Amino acid sequence: MDLTRLTIHEIQQLLARREVSATELVRSVLDRIGRVDGQVKAYTTLTEETALEQAETVDRLRATGTPLPPLAGIPLAIKDVICTQGVRTTCASKILEPYVPPYDATVIRRLKAQEAILLGKTNMDEFAMGSSTENSAFFQTRNPWALDYVPGGSSGGSAAAVAADLCAASLGTDTGGSIRQPASFCGIAGLKPTYGRVSRYGLVAFASSLDQIGPFTKDIRDCATMLQAIAGHDPHDSTSADLPVPDYGAALTGDVRGVRIGIPDDYFVEGMDPEVESAVWTAIRTLEELGGKQEKVSLPHTPYAIATYYLVATAEASSNLARYDGVRYGYRTSKPADLLEMYQRSRREGFGPEVKRRIMLGTYALSAGYYDAYYLKAQKVRTLIRRDFERAFETCEVIVTPTSPTPPFKFGEKMDDPLQMYLSDIFTISVNLAGLPGISIPCGFTKAGLPIGLQLIGKPFDEATILKVAHAYEQATDWRRRTPPV
Ligand code: GLN
């Protein structure tokens, strides 16, 4: 049996029946990383030694007969934007390359409290800015389905690691689509929770009003398990919601009869790849066969979503990234003539081109004289986008769309044209602006064998319903059983 292929719930059973030990499991995943990650390049940092130590601890606890939490012994990978105590956290940026956090993010503390095993940190677009992981300052991560294609981004390393069986599940972050789009490109499940569902404490901020941490998994049951582990109020994050966390596993009933499925006509517009469009319509028919009811909904402010996002997100980024000045964190230039030159050269040498573009855009949008015309206007449009969803959810429980307008693209295809790259987030960005939960699940493959993703959007804090519908769809189809050639 190939242990690396297993889902979390399959591993749980084997561990409980003592058919494998956590140590055997971790060894086989590390072994596969050694053989395969040279091609995929998902990891920026590996923590083999501590992973094996953690596995031994789990095995020792198991031997005593202590009942163990659901994630005990499960090997996980973490996007390199989430702080891990004593383990380098680079944000795939030169400016944070040497940074070793003195503390764990809340999500990491929660995973460790369950005795989950951390295998390492994964590659990403620098500071989570991008849609292909090509903006990493270190190297490119490849799509396990076809190595000359991008894995999506910005959480490309975390998505590729799950797809290529280099971990059982992983964490990513999503500010405008960075969990859902790479999940779609890599043929796996990826969930962005409601804003406030999961603590952002210890997440290096890109755009604080949009960022959320969420899981990548091999199937929906695992997605529910991972969300269960990381969700909930945290006094360290004032934007985390003090609301009860439902039992997500219990929501996976397989029964979606009578669930109203909203189809936004504003999303099925020109420019969508025909193979994506046909896969999504086929998926919608499958949901109908399962008893779902199609409802037409309208999200009329969709055409303004990208412009709104690139004002709000860059404004917040310009402010969040002001702290990287060479004084307290990471990279500092050598032999500056004076303090000002130290700031300037540290930032010029430390940040990559996309990050600089965003800082400049955001600074401009916030500057005196332009604030009202850009930032304030964008905030108003954001409210209109949120209201679109509120109205749409009066007549449905779930909204279904493609995750991305195109299948995975090749390296370099969109790098010279930032606007083309930004357009690939057209279906995911509004969900962040409205603060809603969204999930991407595999719904087919192109003729060339590249994955296509379906997005399910839910009401605020109703992750349970999108998980339920995604699970029923997954049970009715067998996309999940295909494995990438790598
Ligand atoms: N691709 C979008 C961007 O470049 C979203 C990134 C994200 O969700 N972190 O900003």
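Bear in mind the structure is a predicted one, so any value in this text is a computation, not a measurement. (Residues numbered from 1 in each chain as written. Predicted model: local features only at pLDDT ≥ 70, side-chain atom pairs only at ≥ 80, totals over all residues. Heavy atoms only, no water.)

When helices and strands are tallied, the protein chain shows 15 helices and eleven strands. Taken over C-alpha atoms, the radius of gyration comes to 21 Å for the protein chain, in line with the 23 Å a tight globule of 486 residues would show. With the C-alpha coordinates aligned to their principal axes, the bounding extent of the protein chain is approximately 65 × 55 × 45 Å. The 486 residues of the protein chain split such that 61% are buried. Carbon and sulfur atoms provide 52% of the accessible area of the protein chain, an area that totals close to 18100 Å². Separation of charge centres in the protein chain, based on 52 positive and 57 negative side chains, amounts to 2 Å. (Helix = DSSP H or I, 4+ residues; strand = E, 2+ residues; numbered from the N terminus. Rg over C-alpha atoms; globule rule 2.2 N^0.38 Å. Buried < 20%, exposed > 50% of the residue type's maximum accessible area, 1.4 Å probe, protein only. Areas by Shrake-Rupley, 256 points an atom, 1.4 Å probe, with all protein chains shown as cover. Lys, Arg positive; Asp, Glu negative; His and termini not counted. Charge placed at Lys NZ, Arg CZ, Asp CG, Glu CD.)

Turning next to the site of the ligand. Close to the ligand lie 15 residues, the nearest being Gly176, Ser178, Tyr309, Arg358 and Asp425. The contact in question runs from a nitrogen atom of the ligand to an N or O atom on the side chain of Ser131, over 2.8 Å. Tyr310 places a polar side-chain atom, nitrogen or oxygen, 3.4 Å from an oxygen atom of the ligand. Here the ligand loses 100% of its free accessible area of 290 Å² to cover by the protein chains. (Near = heavy atom within 4 Å. Polar contact = N/O pair within 3.5 Å; in protein donor to acceptor, adjacent residues only side chain to side chain.)

Quick look at the UniProt feature "domain: Amidase" (unreviewed entry) in the protein chain now. Listed under "domain: Amidase" (unreviewed entry) in the UniProt record, and renumbered for this structure, are residues 24-467. Between the first and last C-alpha atoms of residues 24-467 the distance is 31 Å; the span itself is 37% helix and 14% strand. (UniProt positions renumbered as here; feature names shortened; annotations may be inferred.)

Turning next to the nonpolar core. Grouped together as the largest cluster of nonpolar side chains are 153 residues, with contacts concentrated most on Ile82, Phe127, Phe389, Ile439 and Leu456. Residues contacting Phe389, with those up to four places away along its chain left out, are Tyr267, Leu299, Ile399, Ser430, Ala434, Leu436 and Ile457. (Core = buried A, V, L, I, M, F, W, Y, C linked by side-chain atoms within 4.5 Å. Contact = heavy atoms within 4.5 Å.)

Ordered by their spatial adjacency, eleven strands build an open sheet running β1-β3-β2-β4-β6-β5-β10-β11-β9-β7-β8, and the pairing between neighbours is mixed. With one partner strand each, in any of the chains shown, β1 (43-46) and β8 (293-297) form the two edges of the open sheet. Pairs of neighbouring strands in the sheet enclose a mean axial angle of 30 degrees, with direction left out of account. Bridge count between strand β2 (residues 75-79) and strand β4 (residues 169-174): three bridges; the pairing is parallel. Looking at β4, one finds that Ile78 is bridged to Leu171. Sheet strands touched by helix α2 (residues 22-40): β1, β2 and β3 (117-122). Its angle to β3, the strand with the most contacts, is close to 20 degrees. Of the strands in this sheet, β5 (189-192), β7 (260-264), β9 (398-402), β10 (438-445) and β11 (451-458) are in contact with helix α15 (residues 463-476), which crosses β10 at around 15 degrees. (Pairing = 2+ DSSP bridges. Axes fitted to C-alpha atoms, helices over the stretch in contact; angles between N-to-C directions.)

Time to look at the pairing of β5. Walk down a regular strand and you will see the side chains alternate between the two sheet faces. Where burial is concerned, the two faces of β5 agree: the one with Ala189 and Leu191 and the one with Gly190 and Lys192 are both buried. For β5 and strand β6 (residues 212-217), the ladder comprises two bridges, and the chain directions are antiparallel. Bridge pairing in β6 places Ala189 opposite Thr217. Bridging between β5 and β10 involves three bridges; their strand directions are antiparallel. Following the sheet pairing, Gly190 is matched in β10 by Ser440.

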